[in-house]
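Listed below are the residues making up each chain.
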Amino acid sequence: MTTLITNIQELLQVRDTNILKVSGKDMKQLPTIKNAYLLIDDDTIVGYGYMEDCKNIEADTVIDATGKVVLPTWCDSHTHIVYAGNREQEFVDRINGLSYEDIANRGGGILNSTEKLQQTSEDDLFEQSVKRLKAVMKLGTGAIEIKSGYGLTVEAELKMLRVIKRLKQDFPLKVKATLLAAHAVPKDYKDNKDGFVDLVINEMIPKVAKEQLATYIDVFCEKGYFDLNDTERILKAGKSHGLIPKIHVNQFNAFGGIEVAVKNQALSVDHLEELNESDIAMLKTGNTMPVALPSCSYFLSIPYTPGRQLIDAGLPLALASDYNPGSTPSGNMNFVVSTACIKMKLTPEEAINAATINGAYAMGISAMYGSITRGKKANIIITKAIPSYAFLPYAFGDNHIDTVMINGQIV
Ligand SMILES: N=CN[C@@H](CCC(=O)O)C(=O)O
Ligand SMILES: [Zn+2]
């Protein structure tokens, strides 16, 4: 089954060679073809070029994209979309003056979601998550990373990861799973954090690795959660079971977590709202992808990750949603891209690179996702008729998407 998309006003992120990420000044370059065609065979991109060169191409289905922009689907490398219930009361509490930290200190926050998740059946959790997954696919997300971390017991963490596995099996988008057991210290271990870290290392990691329920190991490395020593121990234990590090770090405090991550060859370091010069120098020594989560900064009114500074230092940057019930109850990557331009001063080219190819890198899948490249998966967004691609981040808040194709099928 072949599909030919014709008369594309502009085809974005066209990469003839299969690069895995873009960094520094290269992020300003977004290769495009104006007045283009795109040819898909089943689930694979097989050809593209100028309209004048597509005269002899025949296909089973032809889609006319006159006036429309076509680009790869968003690669959202950081989400927590498997959760139970919501936390809108905490949102109201914050409006009335409490901080995210205050709420966590009185037993709310992550532990609030933990309580809800532990009381929710696996099927119910699956159904709640399906709704969110369907919604983000419609908004152009074609690959997604999903974390555990609201279970905090062996059984509840496994329940979350089994739900992620079902989502992976039942939906066409690419799903990568991460074990984030060290997301918060559960109530039962309130005065025994080391005991909980031991549980993560001795029981959770081996079980999850044996059942192949996750590819990545994550830790919330933050004051009041897990310190540098805990982070190092958990990352090393994960690595010894084949799990690749990818951590939450520098959200509220910068105290050396990035060094631990880079030294353990983390695939990504995520949040980075607080960043100092030594963190940037450390990132320059490795291949770890910095990931910014601007919707989280927006929702919590905390600083934005200094993405401009990271890119100007020659580093790559990825953008992700952080979709979760506490700090980012939104998985809209279009908003993420707009907010990165508006608040972090990324150019539209940089933001689109960050949300496609670099997002794919932060999930370890950029050889097959994140650009319009022959042989890559046919995951594409066709916009409505718009004046130019800069209109996407510019006219924020409106949905500019006409069609989303994942594996060559319209969703
Ligand atoms: N910061 C840690 N974890 C999530 C928020 C979790 C929550 O509040 O439920 C985040 O990435 O923002
Ligand atoms: Zn997160």
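Residue numbering note: each chain is counted from 1, following its sequence as written. Labels follow written order: the first chain is A, the first ligand is 1, and so on. Note on the predicted model: pLDDT of at least 70 is required for a residue's local features to be given, and 80 or more for side-chain atom pairs to be given and counted; whole-chain, interface and lining totals, by contrast, use all residues. Each side-chain value is worked out from all heavy atoms of the structure, with water and hydrogens disregarded.

A. Region of interest: the site of ligand 1. Among the 15 residues in the neighbourhood of ligand 1, the closest are listed as Y100, Y150, Q251, D322 and S327. Identification of polar contacts relies on pairs of N or O atoms within 3.5 Å, with a donor-acceptor requirement for protein atoms, meaning one able to donate a hydrogen and the other able to accept it, and with residues adjacent in sequence counted only if both atoms are side-chain atoms. Within the side chain of R87, an N or O atom sits 2.8 Å from an oxygen atom of ligand 1. Between a nitrogen atom of ligand 1 and a side-chain N or O atom of Q251, the distance comes to 2.7 Å. Each accessible area is a Shrake-Rupley result for a 1.4 Å probe, and residues are judged covered by the shown protein chains and nothing else. Out of a free accessible area of 330 Å², ligand 1 has 100% covered by protein chains. For cavity detection a 1 Å grid was placed over the protein atoms alone, and a set of points counts as a cavity when a 1.4 Å probe fits there but cannot get out; an open set counts as a pocket when protein lies on both sides within 12 Å along at least five of seven lines, with lining residues being those that have an atom within 4 Å of a point. Should more than half of a molecule's atoms lie within 2 Å of a pocket's or cavity's grid points, that molecule is taken to sit in it. Its atoms largely coinciding with the cavity grid, ligand 1 occupies the largest cavity. Side-chain classes are defined by residue name, with Ala, Val, Leu, Ile, Met, Phe, Trp, Tyr, Cys and Pro counting as nonpolar, Asp, Glu, Lys and Arg as charged, and the others, Gly among them, as polar. Of the residues in the shell around ligand 1, the class split is four nonpolar, nine polar and two charged. Consider each residue's heavy atoms; a residue with any of them within 4 Å of a molecule or strand counts as near.

B. Highlighting the sheet that holds strand β13 (residues 318-319). Judged by pairing direction, the sheet is parallel, and its eight strands sit side by side in the order β6-β7-β8-β9-β10-β11-β12-β13 without closing on themselves. The open sheet is flanked by β6 (74-76) and β13, the only strands paired with a single partner. Think of it this way: DSSP has to see at least two bridges between two strands before they count as a pair. Here a strand is any run of E in DSSP of at least two residues, a helix any run of H or I of at least four, and the numbering for each starts at the N terminus. Pairing of strand β9 (residues 216-221) with strand β10 (residues 244-249), which is carried by four bridges, proceeds in the parallel orientation. From the neighbouring strand, C221 faces β10, where its bridge partner is V249.

C. Fine view of the nonpolar core. For this analysis, a nonpolar core means a set of buried residues of the types Ala, Val, Leu, Ile, Met, Phe, Trp, Tyr and Cys, connected via side-chain atoms within 4.5 Å. Buried, partly exposed and exposed residues are distinguished by accessible area as a fraction of the type maximum, computed with a 1.4 Å probe on protein chains only: under 20%, between the cut-offs, and over 50%, respectively. Judged by nonpolar contacts, the single largest core of 113 residues is most densely connected at V82, L133, L167, L179, I234 and L319. How far each domain reaches was decided by an automatic or database domain assignment. When residues of this core are assigned to domains, at least three fall in each of domain 1 (2-72 + 370-410) and domain 2 (75-361).

D. Up close: the packing of helix α12 (residues 333-344) against helix α13 (residues 348-355). What counts as an axis is a line fitted to C-alpha atoms, over the stretch in contact for a helix, and the angles between N-to-C directions run from 0 to 180 degrees. Across the interface, α12 lies against α13 with an axial gap of 9 Å and an inter-helix angle of 140 degrees. Considered as vectors, α12 and α13 are oriented oblique to each other. Like other packed secondary-structure pairs, α12 and α13 cross with a definite hand, here right-handed. Along the contact surface, α12 presents M333, V337, A340 and C341, while α13 presents P348, A351 and A355. Class assignment for the residues of the contact of α12 with α13 results in seven nonpolar, no polar and no charged. Orientation is classified from the angle alone, with under 35 degrees giving roughly parallel, over 145 giving roughly antiparallel, 65 to 115 giving roughly perpendicular, and any other angle giving oblique. A clockwise turn of the near helix away from the far one marks a right-handed crossing, whereas an anticlockwise turn of less than a right angle marks a left-handed crossing. By definition in these notes, contact holds between two residues if any of their heavy atoms fall within 4.5 Å.

E. Layout of the packing of helix α4 (residues 122-138) against helix α5 (residues 154-170). Viewed as axis vectors pointing N to C, α4 and α5 meet at an angle of 50 degrees, and their least axial separation amounts to 10 Å. By the criterion of interaxial angle, the relationship of α4 to α5 is oblique. In the packing of α4 onto α5, the handedness of the crossing is right-handed. The residues of α5 that touch α4, namely those facing E122, D123, L125, F126, S129, V130 and L133, are K159, M160, R162, V163, R166, L167 and D170. Here the contact of α4 with α5 is composed, by residue class, of seven nonpolar, one polar and six charged.

F. Highlighting the domain arrangement of the protein. Domains assigned within the protein are domain 1 (2-72 + 370-410) and domain 2 (75-361). Summarising the inter-unit geometry, the C-alpha centres of domain 1 and domain 2 are found 29 Å apart. Simply put, the buried area is the total loss of 1.4 Å probe accessible area from both parts when two parts are fitted together. Here domain 1 meets domain 2 over a buried area of about 2,400 Å², counting both sides, of which 65% is carbon and sulfur. In what follows, salt bridge is the name for a side-chain nitrogen of Lys or Arg lying within 4 Å of a carboxyl oxygen of Asp or Glu. Counting across the domain 1 and domain 2 interface gives one salt bridge.

G. Inspection of empty space enclosed by the protein at higher detail. Grid points are joined across faces, edges and corners, and a volume is the space filled by probe spheres set on the points. Under the defined criterion, the tally for this structure stands at three cavities of 30 Å³ or more. Space inside the largest cavity adds up to approximately 100 Å³. Contributing to the lining of the largest cavity are 14 residues, with H80, Y100, H183, N324 and S327 lying nearest its centre. Of the residues belonging to the lining of the largest cavity, the class tally is four nonpolar, eight polar and two charged. Residue lining of the second largest cavity: 13 residues in total, with P72, T73, Y369, G370 and N379 positioned closest to the centre. Secondary structure elements with two or more residues in the lining of the second largest cavity: β6 and β7 (141-147). Per-class residue counts for the lining of the second largest cavity are six nonpolar, five polar and two charged. Each of domain 1 (2-72 + 370-410) and domain 2 (75-361) accounts for three or more of the residues forming the lining of the second largest cavity.

H. Up close: the environment of P316. Along the chain, the position of P316 falls in the loop between α11 (307-312) and β13. By relative accessible area, P316 is classed as buried at 6%. Distance from P316 to K25, taken between C-alpha atoms, is 9.1 Å for residues 291 residues apart in sequence. With residues up to four places along the chain from it excluded, the contact list for P316 reads K21, V22, S23, G24, M27, M289, P290 and N358.

I. Local environment of the coordination of the zinc ion (ligand 2). Note that water is not among the atoms used; donors are N, O and S atoms within 2.8 Å of the metal (3.2 Å for Na, K and Ca), so sites may look incomplete. Bound to the zinc ion (ligand 2) on the protein side are H78 (NE2), H80 (NE2), H248 (NE2) and D322 (OD), at distances that span 2.0 to 2.4 Å. The sequence motif formed by the donor residues of the zinc ion (ligand 2) is H-x1-H-x167-H-x73-D. You can see H80 sitting in the loop between β6 and α1 (88-95) and its partner H248 sitting in strand β10, a full 168 residues away along the chain. Neither H80 nor H248 differs from the other in exposure class; each is buried.

J. Representation of the UniProt feature "binding site: Fe(3+)" (unreviewed entry) in the protein in the model. Here the UniProt-annotated "binding site: Fe(3+)" (unreviewed entry) positions come out as H78, H80, H248 and D322. For this annotated set, covering 245 residues, all C-alpha atoms fall within 12.1 Å of each other, a compact arrangement in space. Taking the annotated residues in turn, H80, H248 and D322 line the largest cavity. Those residues in contact with H78 that lie beyond four places of it in its chain are E145, K147, H248, D270, H271, L293, A320, S321, D322 and Y323. The exposure class assigned to H248 is buried, which follows from its relative accessible area of 3%. In this structure H248 touches H78, H80, K147, L180, D218, V219, F220, C221, D270 and H271, once residues within four positions along its chain are discounted. At 3.0 Å, the side chain of H248 forms a polar contact with the side chain of D218. UniProt positions are given in the numbering used here, feature names are shortened, and annotations may be inferred rather than shown by experiment.

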